[in-house]
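Each chain, letter by letter, is given below.
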Amino acid sequence: MKLEELRYGTELIKRGFAKMQKGGVIMDVTNPEQAEIAESAGAVAVMALHAVPADIRAAGGVARMADPQTILEIMDAVSIPVMAKVRIGHFVEAEILEALGVDMIDESEVLTPADEQFHIDKKRFKVPFVCGARDLGEALRRIDEGAAMIRTKGEAGTGDVKEAVRHMRLIQSAIRELKGKTEEELKLVARKIEAPFELVKETSELGRLPVVNFAAGGIATPADAALMMRLGADGVFVGSGIFKSEQPEKMASAIVEAVNNYENPEALAEISKGLGSPMKGIDARTLSEEEALQSRGW
Amino acid sequence: MLIGVLAVQGDVSEHVDALKRVCDRVEVVLVRKRGIIPECDGIVIPGGESTTFCRLLEKESIWDEIVEAVKRGVPVLATCAGLILLSKEVIDSAPGQRTLGVLNVKVRRNAFGRQRESFEAMVNVKDIGEYRGVFIRAPVVEEVENGVDVISKLGDKIVGVRQNNIIGFAFHPELTDDTRIHSLFLDLVRAVEGRMMGSSSPQISNSPSS
């Protein structure tokens, strides 16, 4: 590399961006006013959407990438990074978001998948991607395709944290099980979980995923956010949990503070006081197979 | 030697790993609350989101402890958002964003643009030489006052400065395997510690000794 030769969109630059988000809260917003609330509450980034997952779920129909106009208005309103979602496999929506200058793209199961066979080839993009995963195999397949960040899928738009907990625990325990395994044994694991051997080996050596791992899908209170951090998340996404709560400003600040104080129950008690009602939510177990968003993607 | 890494948010573990790679005996403590900074011989402020840093530092009242430590001459290594946090003036700051104001420079946030415009490039660092700079939505220093040395440049842009015992970079040395910058920082901490040990006076000086 020559002096003053600039290299854009390298793996280091993409994964590095994700690392800067660690210990932070990324909030779903649908307009510039909400984005400003998120920024002043201390969000590390916002996710620009046409509707929060709870409303997407309620509305039904096909959910697609947000209107570029809305995304641009949100980008103009705040100085923190702006992310946006594309449908699984919809590489043209992703190219549009890259052209807009979005800072990170979420290839998300919250939107209706556009391809039932292939996820996006994320390596050919300069902009980093985040993808959802329910277990280690799924996480490593996404990383193999070029994801710079993984998040649990959880069950978006429910306000029920149990699926995010399940996914985070599954990923962490699968990583722990890799410890001390020989190369042959890791090859066996790679075949079983349908993930590339090199990534299984790297995960085993690191004792963690090779990229940043956030929690998402059902986080609705400061305690939920702290729970996910305690289970090993590097940070959290909060979707409907903020702007479907009774007092979004208070809830937004409280969740940011909770992620910062996740190991301190006294501080969490103080932070959780008088926040009004969190989002009402739905028990994720009452959802049918068709209603569950987490089974989109593989 | 105790190094405090500000851990309110950002790429904290990368700095910890870099320090440990330089010297595995160095003791590192994560700073999330008040009361730890006064014990530290050196402070690292990582990369992350500067608006989030400001919000949480005010809340946890770590703010004045860092300012006080800088005044005592405790060495500080700040990268990217850390550089912004220390600066006296920020162009393009978020509404209500305050800074510690101890480093006499004017910085511009997101000076190269959005993530799409983030890049790697070789830069020159004083006393080190060529170094791979990782610039992520990086700031640049637009103006320096007297007493601030420019120690790294990318073309005509200032991307590294030093003022007494504060070293600040717009890029992220903690994201590469090259530990020369962290090594330089630990040398500085040792030198300052040596000077304090060496002084026969039992009182700790209130002013930076250099």
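Below is a summary of the structure that appears in this document. (Residues numbered from 1 in each chain as written. Chains lettered and ligands numbered in written order. Predicted model: local features only at pLDDT ≥ 70, side-chain atom pairs only at ≥ 80, totals over all residues. Heavy atoms only, no water.)

## Things to note about the interface of chain B and chain A
Okay, step 1: Contact with chain B, which involves 44 residues of that partner, is made by 46 residues of chain A.
Okay, step 2: Together, the buried faces of chain B and chain A total about 3,500 Å²; carbon and sulfur atoms form 54% of this surface.
Okay, step 3: Taken as a group, Arg114, Arg116 and Glu120 of chain B account for 20% of the area that chain B buries against chain A, more than any other trio of residues on that side.
Okay, step 4: Inspection of the region where chain B meets chain A yields seven salt bridges.
Okay, step 5: The residue Glu14 of chain B makes a salt bridge to Lys22 of chain A at a minimum N-O spacing of 2.9 Å.
Okay, step 6: Elements that contribute at least two residues to the side of chain B that touches chain A include exactly α1 (12–22), α2 (50–60), β7 (119–125) and β8 (129–135) of chain B.
Okay, step 7: A per-class count over the side of chain B that touches chain A returns 14 nonpolar, 14 polar and 16 charged.
Okay, step 8: Bridge count for strand β1 (residues 7–8) of chain A against β7 of chain B is two bridges, and the pairing is antiparallel. In the sheet register, Arg7 of chain A faces β7 of chain B, and the bridge partner there is Glu120 of chain B. (Contact = heavy atoms within 4.5 Å. Buried area = accessible area lost by both parts, 1.4 Å probe. Salt bridge = Lys/Arg side-chain N within 4 Å of Asp/Glu carboxyl O. Helix = DSSP H or I, 4+ residues; strand = E, 2+ residues; numbered from the N terminus. Nonpolar A, V, L, I, M, F, W, Y, C, P; charged D, E, K, R; others polar. Pairing = 2+ DSSP bridges.)

## Quick notes on a negative patch on the surface
Residues and elements named next belong to chain A.
Okay, step 1: A cluster of acidic residues, Glu33, Glu36, Asp67, Glu73 and Asp76, forms a negative patch on the protein surface.
Okay, step 2: Examined against the element boundaries, Glu36 turns out to sit in helix α2 (residues 32–41).
Okay, step 3: Note on Glu36: relative accessible area 41%, which makes it partly exposed. (Patch = residues over 30% accessible without salt bridge, like charges linked within 9 Å, V, L, I, M, F, W, Y side chains within 5 Å. Areas by Shrake-Rupley, 256 points an atom, 1.4 Å probe, with all protein chains shown as cover. Lys, Arg positive; Asp, Glu negative; His and termini not counted. Charge placed at Lys NZ, Arg CZ, Asp CG, Glu CD. Buried < 20%, exposed > 50% of the residue type's maximum accessible area, 1.4 Å probe, protein only.)

## Regarding the side chain of Lys14 of chain A
Okay, step 1: Mapped onto the secondary structure, Lys14 of chain A falls in helix α1 (residues 11–20).
Okay, step 2: Reaching out from Lys14 of chain A, the side chain makes a polar contact with the backbone oxygen of Lys122 of chain A at a distance of 3.5 Å.
Okay, step 3: With residues near it in sequence (within four places) discarded, Lys14 of chain A still touches Gly9, Lys122, Lys123, Phe125, Lys126, Val127, Pro128 and Ala148 of chain A together with Gln115 of chain B. (Polar contact = N/O pair within 3.5 Å; in protein donor to acceptor, adjacent residues only side chain to side chain.)

## Side note on the pattern of salt bridges
Side chains that differ in sign of charge can pair as their charged atoms come close.
Residue and element names in this part refer to chain A.
Okay, step 1: For the coordinates displayed, the defined rule picks out 41 salt bridges over all chains.
Okay, step 2: The residue Lys122 makes a salt bridge to Glu107 at a minimum N-O spacing of 2.7 Å. Residue Lys122 is found in the loop between β5 (104–108) and β6 (129–133), and its partner Glu107 is found in strand β5; the two are separated by 15 residues along the sequence. With respect to burial, Lys122 and Glu107 carry one shared label: buried.
Okay, step 3: Counted as one network, the salt bridges with shared partners bring together Lys85, Asp106, Glu109 and Arg151.

## As for helix α9 (residues 197–206) of chain A
All names here are of chain A.
Okay, step 1: Those residues of α9 not exposed but buried are Phe197, Leu199, Val200, Thr203 and Ser204. For α9, the angular spread of buried residues about the axis comes to 165 degrees, placing them on one side. In α9, the exposed residues that point more than 90 degrees away from the buried face are Glu198 and Glu205.
Okay, step 2: Gly207 occupies a position one or two residues after α9 and carries a positive phi of about 75 degrees. (Arc of directions from axis to C-beta.)

## Notes on the sheet that holds β6 of chain A
Residue and element names in this part refer to chain A.
Okay, step 1: Pairing within the open sheet is parallel, and its eight strands lie in the order β8-β7-β6-β5-β4-β3-β2-β9. Each edge of the open sheet is held by one strand with a lone partner, namely β8 (212–214) and β9 (236–238). Strand after strand, the sheet turns through a mean of 30 degrees between neighbouring axes, direction not considered.
Okay, step 2: With three bridges connecting them, β5 and β6 associate as parallel partners. Paired with Asp106 across the bridge in β6 is Val130.
Okay, step 3: Strands β4 (82–87), β5 and β6 of the sheet are contacted by helix α5 (residues 91–100), whose axis makes an angle of about 165 degrees with β4. (Axes fitted to C-alpha atoms, helices over the stretch in contact; angles between N-to-C directions.)

## Let's talk about helix α13 (residues 265–272) of chain A
Residue and element names in this part refer to chain A.
Okay, step 1: What α13 keeps buried is the set Ala267, Leu268 and Ile271. For α13, the arc enclosing every buried residue in end-on projection is 100 degrees, short of the 170-degree limit, so these residues lie on one face. Exposed residues pointing more than 90 degrees away from the buried face of α13 are listed as Pro265, Glu266 and Glu270.
Okay, step 2: Residues of α13 that are buried in the fold lie against α10 (222–230) and α12 (248–260).

## Remarks on the pairing of strand β11 (residues 157–163) of chain B
All names here are of chain B.
Okay, step 1: Most of β11 is tucked away: five of the seven residues are buried.
Okay, step 2: As defined by bridge partners, strand β10 (residues 149–154) adjoins β11 across five bridges and the pair is classed as antiparallel. Across the sheet, the residue bridging to Asp149 is Arg162, located in β11.
Okay, step 3: Inspection of the sheet shows β11 paired to strand β12 (residues 166–169) by four bridges, in the antiparallel sense. Residue Arg162 lies in a different strand from β12, and its bridge partner there is Ile167.
Okay, step 4: Connecting β11 to the next strand, β12, in antiparallel fashion are two residues, including Asn164 with a positive phi near 50 degrees.

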